[in-house]
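The chain contents come next:
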Amino acid sequence: MTTKANSPVTAGSIVVPLGHVIGNEKWRGSELAQRLQGKVRLIFEDGLGLVDFHLPNRTCILLISEADLVAGDEFKRRLVKFRNASSLRGIVIVEKTPISDQYYLGVQKLVVLELGMVLLPVANQGEASQLIIQLVREQSRDRGSNPFVGRQRARPAEPAVLQALQRIPGVGRTKALLLLQRFGSIHRLCNADSQELEQAVGQTGAQQIYTFLHS
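Summarised in this report is the structure supplied together with it. (Residues numbered from 1 in each chain as written. Predicted model: local features only at pLDDT ≥ 70, side-chain atom pairs only at ≥ 80, totals over all residues. Heavy atoms only, no water.)

Regarding the packing of helix 7 (residues 173–183) against helix 9 (residues 194–213)
Between helix 7 and helix 9, the least distance of the axes is 10 Å, while the angle of their chain directions is 130°. Judged on the interaxial angle alone, helix 9 and helix 7 are oblique. Crossing geometry of helix 7 relative to helix 9 is assigned as left-handed. Contacts between helix 7 and helix 9 involve K175, L178, L179, R182 and F183 on the former and, on the latter, E196, L197, Q199, A200, V201, G205 and I209. Class assignment of the residues belonging to the contact of helix 7 with helix 9 gives a composition of seven nonpolar, two polar and three charged. (Axes fitted to C-alpha atoms, helices over the stretch in contact; angles between N-to-C directions. Helix = DSSP H or I, 4+ residues; strand = E, 2+ residues; numbered from the N terminus. Parallel < 35°, antiparallel > 145°, perpendicular 65-115°, else oblique. Left-handed = near helix turned anticlockwise from the far one by under 90°. Contact = heavy atoms within 4.5 Å. Nonpolar A, V, L, I, M, F, W, Y, C, P; charged D, E, K, R; others polar.)

Dropping the structure here:
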C-alpha cells in the first residue's frame, strides 16, 4: 500500500486512549487490520495523513510494505516529510522479504542513520500486527507507576518481537531473549544507551545493536 508524499502530516492533536489503535482508513479490510481486531480496540479514520497507525503516548507507526519498496522512492519522501514536520515518535515497520531484501540496507541507512528513527523489520503483515499489539500492551503496562498497584508478571515474549530482534546483525534467539528479559519492552530497548546494552549482551553485541537502532 502506498501513500502520496504530499499527504498532510496530521494526527498530532489526537489523543489515543490506552489499549486503542487509530488506523488509517486505507488499511481497513487488510490482513494486518483483521489480525489486530479483537486484540486491541481498532478505530479507522481518514485524517491520519502520512501516519498508518496512531498508538497511545504520541507514538506513530509508519509501515513500509514490500510493494512500497519495489515501487520506488515515494516511501522515502513520505518518511522525510514525516520526520521534518512532526514532533510525534515515529516507528518504522518495514516488510523484509526475499523480494524486498535488496532494498533493505538503503532503508536502514535512511531511517536509522539519516532520520534517527526506530526501524523494526518484519516478514509480513501478520508479524507487523503482533509488533503493534506488543507495543500497545507495553504502553498499557507503563501507564504511570502507582505504588499501590502490584506489578504484573511479565508476559511471555511475542514470537514476532523475537523474530524482529533476531534480524538485527549479531542477534540470535538467545541474545533476543536476554534483551527482552533485561529491558522488558521494545520501547525501553530502543531508548537504552550502549552501556546498558553492553551489560546484557557484551561490548560487541551492544555496538551492533546500538548502531542498528540509532544514528
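Structural notes on the packing of helix 4 (residues 101–114) against helix 9
Contact pair helix 4 / helix 9: the axes reach a minimum separation of 8 Å and the direction vectors enclose 80°. When the axes of helix 4 and helix 9 are compared, the pair comes out roughly perpendicular. Contacts between helix 4 and helix 9 pair Y104, Q108, V112 and L113 from the former with T211, F212 and L213 from the latter. Its residues assigned to classes, the contact of helix 4 with helix 9 comprises five nonpolar, two polar and no charged.

Re the packing of aromatic side chains
Summed over the entire model, instances satisfying the criterion amount to one aromatic pair. Taking the centre distance of 5.9 Å and the plane angle of 40° together, the rings of W27 and F53 count as tilted. Residue W27 is located in the loop between strand 1 (20–24) and helix 1 (31–36), and its partner F53 is located in strand 3 (residues 53–55); the two are separated by 26 residues in the primary sequence. Across this residue pair, the class does not change: W27 and F53 are buried. Over the aromatic face of Y104 sits the side chain of K96, whose NZ or CZ is 5.2 Å from the ring centroid. (Phe/Tyr/Trp six-rings, centres within 6.5 Å; stacked < 30°, edge-to-face > 60°. Buried < 20%, exposed > 50% of the residue type's maximum accessible area, 1.4 Å probe, protein only. Lys NZ or Arg CZ within 6 Å of the ring centre and 35° of its normal.)

Comments concerning helix 9
Look at helix 9: only 11 Å from first C-alpha to last across 20 residues, short of the 28 Å you get at 1.5 Å a residue. At V201, helix 9 is deflected by roughly 125°, the largest bend along its length. The complete set of buried residues in helix 9 reads L197, A200, V201, G205, A206, I209, F212 and L213. Of the surrounding elements, those touching the buried residues of helix 9 are helix 4, strand 6 (118–122), helix 7 and helix 8 (186–191). Taking the backbone nitrogen of Q195 as reference, a side-chain oxygen 3.2 Å away marks D193 as the first, capping residue of helix 9. (Expected span 1.5 Å × (residues − 1). Bend = angle between axes of the 7 residues up to and from the residue. Polar contact = N/O pair within 3.5 Å; in protein donor to acceptor, adjacent residues only side chain to side chain.)

Things to note about the environment of V118
By secondary structure assignment, the location of V118 is in strand 6. The exposure class assigned to V118 is buried, which follows from its relative accessible area of 11%. Sequence spacing of V118 and C190 is 72 residues, and the spatial spacing of their C-alpha atoms is 7.2 Å. Beyond its immediate sequence surroundings of up to four residues, V118 is in contact with R89, G90, I91, V92, V111 and C190.

Read these as layout, nothing more, since geometry by itself doesn't imply function.
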